[in-house]
Amino acid sequence: MPHLENVVLCRESQVSILQSLFGERHHFSFPSIFIYGHTASGKTYVTQTLLKTLELPHVFVNCVECFTLRLLLEQILNKLNHLSSSEDGCSTEITCETFNDFVRLFKQVTTAENLKDQTVYIVLDKAEYLRDMEANLLPGFLRLQELADRNVTVLFLSEIVWEKFRPNTGCFEPFVLYFPDYSIGNLQKILSHDHPPEYSADFYAAYINILLGVFYTVCRDLKELRHLAVLNFPKYCEPVVKGEASERDTRKLWRNIEPHLKKAMQTVYLREISSSQWEKLQKDDTDPGQLKGLSAHTHVELPYYSKFILIAAYLASYNPARTDKRFFLKITSLVTLQLLTLVGHDDQLDGPKYKCTVSLDFIRAIARTVNFDIIKYLYDFL
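In short, a report on the structure. Residue indices begin from 1 for each chain and proceed along its sequence in written order. In keeping with the predicted nature of the model, local features appear solely for residues at pLDDT of at least 70, side-chain atom pairs appear and are counted solely at 80 or more, and the whole-chain, interface and lining totals rest on all residues. Computation of side-chain values: all heavy atoms of the structure, hydrogens and water removed.

**Thoughts on the sheet that holds strand S5 (residues 175–178)**
Here is step 1 of the chain: Paired strands are those between which DSSP finds at least two bridges. A run of DSSP states H or I qualifies as a helix once it reaches four residues; a run of E qualifies as a strand once it reaches two. Both are numbered from the N-terminal end. On the basis of which strands lie adjacent, the open sheet formed by five strands has the order S2-S3-S4-S1-S5 and parallel pairing. Each of the sheet's edge strands pairs with one partner strand only, and the pair in question is strand S2 (58–62) and S5. For this sheet, the mean inter-axis angle between neighbouring strands, taken without regard to orientation, is 15 degrees.
Here is step 2 of the chain: With four bridges joining them, strand S1 (residues 32–36) and S5 adopt parallel strand pairing. Within S5, the position partnered with Phe 34 by the bridge is Val 176.
Here is step 3 of the chain: Whether two residues touch is decided by their heavy atoms; if any such pair falls within 4.5 Å, the residues are in contact. Only the stretch in contact is used when fitting a helix axis, every axis being a line fitted to C-alpha atoms; angles between N-to-C directions are given from 0 to 180 degrees. Across the sheet, helix H4 (residues 69–84) touches S2 and strand S3 (120–125), and the angle it forms with S2 is around 155 degrees.

Following this line, the structure appears as structure tokens:
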């Protein structure tokens, strides 16, 4: 489909597979599809774009926002209810507390005239959070087509592999589709596609090439690179706007942007600095650490042993509690630096509880400085 090829770049294979799985509207599709890949690999964008472009009836639910069983089930049912009642514009809110009730109510909602003769798609984004809910939820969604006797497909979008999901008791196996990381060529093509209309495509492509040359070794995240591209482009164009250089003066444009890209390296992933603050920094030539409200993440140099404490806090915050003995044999300045946050009360009898607030990329960078391979000790990567 030419329209999709222009909108969804560098994911032709995945789009083709999904279109084949979806089939015709009235055909029964695959009961469940598990889509996984690292963050910013196009999972959510491709799925949403495909369903919207093909005008297929679907509901999209984020499992981070729907953090309880009731919230999740009611969100799905009410979105479906709005779809089925879109013609008359009136619908009542549905309440649902158990998965058995969900199956019964789902059958009722999907008997609507505009839903009964075609596949209904339920998309569960951040599906890894389902593992923290009731044990029957995942097997139930995998077999929803069978349990409800309806033409429904459930799509799970996740950053972790299917093997981390599969219950020990066994379950219906979904169709598994992998979204690999974008290559540097893919990123060049996608980011170049965003060029502003007032500048030539070649001029913006040259800028993206410079940007990737600086950031690609430390950042592969498309969302972050796109943010950096928008943030720094006005500075790259400055000599052209002032009439000091033409679009072809690549060397002069590079000399102008190079020091500012080096400053931007300090805030990759760490969005404590807003776009407006960054623009002010570029104009005033200010040290990023002097900006009001900027967290200590960007310029802190931790003592050697504090780095290990921070690494241990990250592992404890993001590994399941049952794995503590497996990874830990024994074990306030970090709170001040906002790298840890207090999640309990000061008056707790068993002592205060903390949660690590840094990202995976940040902790990997810290771990590398002490020659510690943190990936070997994270449950989700085993």
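**Side note on helix H16 (residues 360–369)**
Here is step 1 of the chain: Buried residues are those whose accessible area, probed at 1.4 Å on protein chains only, stays under 20% of the maximum for their type, while exposed residues exceed 50% and partly exposed ones sit between those limits. Three or more residues of H16 are buried, namely Phe 362, Ile 363, Ile 366 and Ala 367. All buried residues of H16 fall inside an arc of 135 degrees around its axis, so they share one side.
Here is step 2 of the chain: Looking one or two residues past H16, Asn 371 carries a phi angle of roughly 60 degrees, positive in sign. Comment: arc refers to directions from the helix axis out to C-beta atoms.

**Section: the pattern of salt bridges**
A side chain of one charge can pair with a side chain of the opposite charge when the charged atoms of the two come close.
Here is step 1 of the chain: Note on definitions: salt bridges are taken to be side-chain nitrogens of Lys or Arg within 4 Å of carboxyl oxygens of Asp or Glu. One pass over the structure, following the stated rule, counts eleven salt bridges.
Here is step 2 of the chain: Put simply, Lys 242 and Glu 238 hold a salt bridge, and the shortest N to O gap is 3.9 Å.
Here is step 3 of the chain: For Lys 242, a relative accessible area of 54% gives the class exposed.
Here is step 4 of the chain: Across the salt bridge formed by Glu 258 and Lys 262, the nearest N and O atoms sit 3.5 Å from each other. One end of the pair, Glu 258, and the other, Lys 262, are both in helix H11 (residues 250–264), four residues apart, so they sit about a helical turn from each other.
Here is step 5 of the chain: Classification of Glu 258 by relative accessible area gives partly exposed; the value is 26%.
Here is step 6 of the chain: Assessed through its relative accessible area of 52%, Lys 262 is described here as exposed.

**Some details on the nonpolar core**
Here is step 1 of the chain: We call a set of buried residues a nonpolar core when its members are Ala, Val, Leu, Ile, Met, Phe, Trp, Tyr or Cys and they connect through side-chain atoms within 4.5 Å of each other. Ranked by internal contacts, the top residues of the largest apolar core, which has 39 residues, are Leu 72, Leu 124, Phe 141 and Leu 144.
Here is step 2 of the chain: Those residues in contact with Phe 141, other than ones at most four positions away along the chain, are Leu 72, Leu 73, Ile 76, Phe 99, Phe 102, Leu 124, Val 154 and Phe 156.
Here is step 3 of the chain: Membership of the second largest hydrophobic core comes to 31 residues, among which are Ile 190, Tyr 204, Tyr 216 and Ala 229.

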